[in-house]
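What follows is each chain in one-letter form.
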Amino acid sequence: MKSILLKEIRSFFSSLVGYIVIILFILICGLFMWILPDTNMFDYGYASMDQFFSFVPWILIFLIPAITMRMLADEYKSGTIEMLSTKPLKETSIIFGKFWASFILVCICLLPTLLYVVSIESLAVTANNLDTGGIIGSYIGLLFLIAAFTAIGLFCSALTDNQIVAFLIAVFVNFILFQGFESFSQLPSFSGGVDYIISQLGLQFHYKSISRGVIDTRDLIYFASVSLLFIFATRLFLQKRKWS
Amino acid sequence: MKKLKGTHIIRFAILAAILLAVNILATYVHKRFDLTKEKRFSLSEPTKKFVGKMDEIANVTIFLQGNLNADWQRLQNRTIETLNEFNEYSGGKIQYTIVNPMEGTTTPKEKEEAMKELSQRGVLPVRDQVQQSEDDLGFSEKVIFPYALVAHNGKEFPVSLIENRGGMQPNEVLNYSSSLLEYKFAQAIQKSNLADQPSIAYTVGNGQPLGVKTLDMLSTLNKMYHLDTIDLNENIEVPKIFDAIIITSPKSGFDEKVKFKIDQYVMNGGRVLWLIDRLNTSMDKLKETGTYLASDLTTNLDDILFKYGARINLNLVEDVQQNAPIPITVGSIGGKPDIRYVPWVYFPFAISTSDHPIVHNMNGVLFQFANSIDTIANPEIKKTVLLHSSSASRTVSAPIRISLSDLKFEPNPSLFRDKNIPMAVLLEGKFKSNFANRLAPKFLKTLEDPSIDNPFLAEGIKKSKQIVIGNGAVFYNDFTERTGPLQCGFWKFNREYYANKAFLLNCIEYLVDDSGLMKARSKDLVFRPLDDKRIKNEKVKWQFVNIALPIVITILFGGVFLYFRRKKYTGKG
């Protein structure tokens, strides 16, 4: 697992594409956070990261598939997946290697946003008044959301040998899981209790709860389950090649 | 190979089923950790318990909607979050919708009609000024409705989402309002839950005022509770159906019989709000004669209050730091009287520093000729000082000559050395009767007689609460000839709204309510604004730092990484 993890991270930084992904992410986050109207900090006027945590999932819906799309699709296409299989590696460790590699890469993309926290702290009227606990909680929540998106991206990459197709499907599935249930629950025919249950099935419900800085074991278990479910599904698709 | 497929799919199905089971289990056993600094998202224990016991679904309609600025949007978010938090414990018993009440109305007439209908339901508009653009100084006015309606058990209650304290910045107001949301919604749901509203009795019979002075407070109480008046001299007892009684500034002494009735009411668990003046003071008299001697009213309540744990002193509190002004004529200019407003040490206002829910986060409460209160060391009673004077105050003992001519001289602050002189005290516990071991055996027997069946209680049968305030004027409203009665707490000479009304309503609510929902009032939200000036001046700098700096670092890192990598490979080759 470790060898695959290191290999993926190294290859990410060896190609220009990796840097373009990081720079694009920083640029989009920066635009939303500091320049674009409605979401920027200056208009918002409070020393909190709430704005950031409310728009960042929408960027991750696109960013994470861009990182995971080639993880398995590429191996299929170049046929290296067969090589990997001949090595004394189990499917599970291939998948987890790739999963953690993607997860770490996304986290590296996220690192520069810590600079926002420092900026906000220094722009606040009263020093040392930042809700550090809340922000740490929100980041923890974000990590769990990333894990879920990464597992979904990896699964989509296992479906096809075409990176673009993998990317598109992953964006679609991310979107449905994040926003779909939420929108679906708002249909008038579900009002009166059912809407609450439906919205609980989606990622957004749990993310909203956790990103406030409130860590609830239910939300953690939900995110871990979604991640594991898609990892198992990925394994199922890798195993499929052995069936015929 | 077919066999392999079967095992793989079955294994996946089993794992998926386990995950599902774990998630369902997790909803039963779960823990929450509120990492925010001020535990912003945690409901107080009584609120949790209360919403956990809801059986009917409550429908909440939030009217705060429609092109809101950031502050209002934040308030809307906090409202939604609070209701979601309620649902966390109620199991989805709170359903809310957000509507823009002005949607669909185009003509001014339709707008007016919609507004009229809403105001009948208690939803009032607030005019908000919206800055049109950054450079443009023009403002356009916009109507928003910071209200929600709680419909529950067939009743409907309006909840104001916004709460104003004097002297607050607009964005501070929103923060303060957010902190009160939990209490307000819980209270609204509770009100509709109760089969009957609590009953309050306003006592008369010993010169307690009942007229224009008490109009605002009594009519407000009448809206929220079953309000009744009782004459303590005429009734044989204080009926136990009253959850609380109010005794406001009696002008004549209570005889032992009346005190006995009050005493036994307290022993049965009744709650009393005492607003007592020990001295005969009057601004009217002062205006007429310019000077008078404040004399003892001999209310004859010393022993009973002492037994319960408080002593109202025969003195007046003077405060040089926090007081309200009165007008005096200092001379005449061109035949017209020259009126000045001068601080009047006898009218102190008390700003609470306590975080007790009755007074937490409240404006000053205005007193007029207040008596100080001492607490007595009776250990069975818990005492809380709710309001006290400022750090530059003193008491003067009766008899006191009050004279307007004192106002000619500026008070010497070095003479006001006392601080935090109590003026309102809360007493809680099982009270002991003032009449224990004082009654004739024959009388005791009469009380036990089946025809009366009201045996004497020497000690409270359950816990009770009383609030003692050393001034009756806290309860009064002023009035002008032109506008009639003013709001209780409004001081017309400096046009200031003091928090008297809120304070008294909180007192009553605290006395009659045992659910502890009021604890949520102690919630404090920290206000964390960004520095406006620096935002304006340093905007570009921070934009640059936060966007360009990470990009530069990434490129540098990439360059170094790729350079060493190439060197490594070419070096080898």
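J.: Pulling in residues and values, what's your account of the interface of chain B and chain A?
T.: Every contact between the two is made by 58 residues of chain B and, on the other side, 60 residues of chain A. Summed over both partners, the interface of chain B with chain A buries about 5600 Å², with 64% contributed by carbon and sulfur atoms. Of all residues in chain B, B:Arg528, B:Leu530 and B:Asn546 give up the largest surface area on contact with chain A, accounting jointly for 12% of the area buried on that side. In this assembly, chain B and chain A are joined by three salt bridges. The partner of B:Glu88 in a salt bridge is A:Arg218, and the shortest N-O contact between them spans 2.3 Å. Counting across the chain B and chain A interface gives 18 residue pairs in polar contact (both at pLDDT 80 or more). Elements with a minimum of two residues in the side of chain B that touches chain A: helix H1 (2-28), strand S1 (32-34), helix H3 (70-90) and helix H12 (532-572) of chain B.

J.: Please set out the nonpolar core residue by residue, giving values where relevant.
T.: Generally speaking, nonpolar side chains in soluble globular proteins are found buried as a group. Residues and elements named next belong to chain A. Judged by nonpolar contacts, the single largest core of 81 residues is most densely connected at Met-49, Phe-52, Val-56, Leu-60, Leu-142 and Leu-203. Considering every element that reaches this core, the biggest residue donor is helix H8 (residues 132-159), with 14 residues. Non-local contacts of Leu-142, meaning those with residues more than four positions away in its chain, are made with Phe-52, Phe-53, Val-56, Leu-60, Leu-110 and Tyr-207.

J.: Explain the environment of B:Phe435 residue by residue, including any values.
T.: Position of B:Phe435 relative to the elements: it lies in the loop between strand S23 (422-429) and helix H10 (441-448). The buried category is assigned to B:Phe435, whose relative accessible area is 4%.

J.: Would you mind going over the domain arrangement of chain B in detail, with residue names and values included?
T.: All names here are of chain B. Split by domain assignment, chain B resolves into domain 1 (34-193) and domain 2 (199-512). Taking the mean C-alpha position of each, domain 1 and domain 2 sit 35 Å from one another. Counting residues at the interface gives seven residues for domain 1, matched by five residues for domain 2. Summing both sides of the interface, domain 1 and domain 2 together bury roughly 550 Å²; the carbon and sulfur share of this comes to 35%. On the surface where domain 1 and domain 2 come into contact, there are zero salt bridges. At the surface where domain 1 touches domain 2, the tally comes to zero residue pairs in polar contact (both at pLDDT 80 or more).

J.: A description of the packing of aromatic side chains should follow, citing residues and the corresponding values.
T.: Residue and element names in this part refer to chain B. Using the criterion set out here, one finds 40 aromatic pairs over all chains in the structure. The interplanar angle of 40° and the centroid separation of 5.3 Å between the aromatic rings of Phe-349 and Tyr-498 together place this pair among those described as tilted. Placement of the pair is Phe-349 in strand S17 (residues 336-350) and Tyr-498 in the loop between strand S28 (496-497) and helix H11 (500-512), with a sequence separation of 149 residues. Taking the centre distance of 6.0 Å and the plane angle of 25° together, the rings of Phe-557 and Phe-561 count as stacked. Of this pair, Phe-557 and Phe-561 both sit in helix H12, separated by four residues, roughly a single helical turn.

J.: Break down the sheet that holds strand S8 (residues 199-204) of chain B for me, with residues and values.
T.: Residue and element names in this part refer to chain B. If you walk across this open sheet you meet the seven strands as S9-S8-S10-S11-S24-S23-S20, and the pairing is mixed. Each edge of the sheet is formed by a strand with only one pairing partner; in this case those strands are strand S9 (226-231) and strand S20 (381-388). Neighbour-to-neighbour, the strand axes of this sheet turn through a mean angle of 20°, independent of strand direction. Looking at chain direction, strand S11 (residues 271-275) and strand S24 (residues 464-469) are connected through four bridges and run parallel.

J.: Break down the packing of helix H2 (residues 16-35) of chain A against helix H4 (residues 50-78) of chain A for me, with residues and values.
T.: Residues and elements named next belong to chain A. The geometry of H2 relative to H4 is characterised by a closest axis approach of 10 Å and an angle of 160° between their N-to-C directions. Comparing their axes, H4 and H2 come out roughly antiparallel. In the crossing of H2 with H4, the sense of the turn from one axis to the other is right-handed. Side by side, H2 and H4 meet where Val-21, Phe-25, Ile-28, Cys-29, Phe-32 and Met-33 of the first sit next to Phe-52, Phe-55, Val-56, Ile-59, Leu-60, Leu-63 and Ile-67 of the second.

How each quantity is defined
- Here the residue index of a chain counts from 1 through its sequence in written order.
- Whichever chain is written first becomes A and whichever ligand is written first becomes 1, with later ones labelled in order.
- Under the rules for a predicted model, residues below a pLDDT of 70 receive no local features and side-chain atom pairs below 80 are neither given nor counted, while totals for whole chains, interfaces and linings still include all residues.
- Only hydrogens and water are set aside when side-chain values are computed; all heavy atoms of the structure are taken into account.
- In this analysis, two residues are considered to be in contact whenever any of their non-hydrogen atoms come within 4.5 Å of each other.
- Computed with a 1.4 Å rolling probe, the buried area is the accessible surface lost when two parts are put together, summed over both parts.
- For this document, the term salt bridge refers to a Lys or Arg side-chain nitrogen within 4 Å of an Asp or Glu carboxyl oxygen.
- Think of a polar contact as two N or O atoms within 3.5 Å of one another; within protein, one of them needs to be a possible hydrogen donor and the other a possible acceptor, and neighboring residues in sequence only count if both atoms come from side chains.
- Counting from the N terminus, the helices are DSSP H or I runs at least four residues long and the strands are E runs at least two residues long.
- Among buried residues, the Ala, Val, Leu, Ile, Met, Phe, Trp, Tyr and Cys ones that are joined through side-chain atoms within 4.5 Å form a nonpolar core.
- Per-residue accessibility, obtained with a 1.4 Å probe over protein chains only, is compared with the maximum for each type, and a residue is labelled buried under 20%, exposed over 50%, and partly exposed between these values.
- Reported domain spans reflect what an automatic or database domain assignment gives.
- Stacked, tilted and edge-to-face are the three classes applied to pairs of Phe, Tyr and Trp rings, where Trp contributes its six-membered ring and a pair requires centres within 6.5 Å; stacked means planes under 30 degrees apart, edge-to-face means over 60, and tilted covers the rest.
- Strand pairing is assigned whenever DSSP identifies at least 2 bridges connecting the two strands.
- The angle between two axes is taken between their N-to-C directions and runs from 0 to 180 degrees, where each axis is a line fitted to C-alpha atoms and a helix contributes only its stretch in contact.
- Our angle categories are set so that under 35 degrees counts as roughly parallel, over 145 as roughly antiparallel, 65 to 115 as roughly perpendicular, and the remainder as oblique.
- In this scheme the handedness of a crossing depends on how the near helix is turned from the far one: anticlockwise by less than a right angle means left-handed, clockwise means right-handed.

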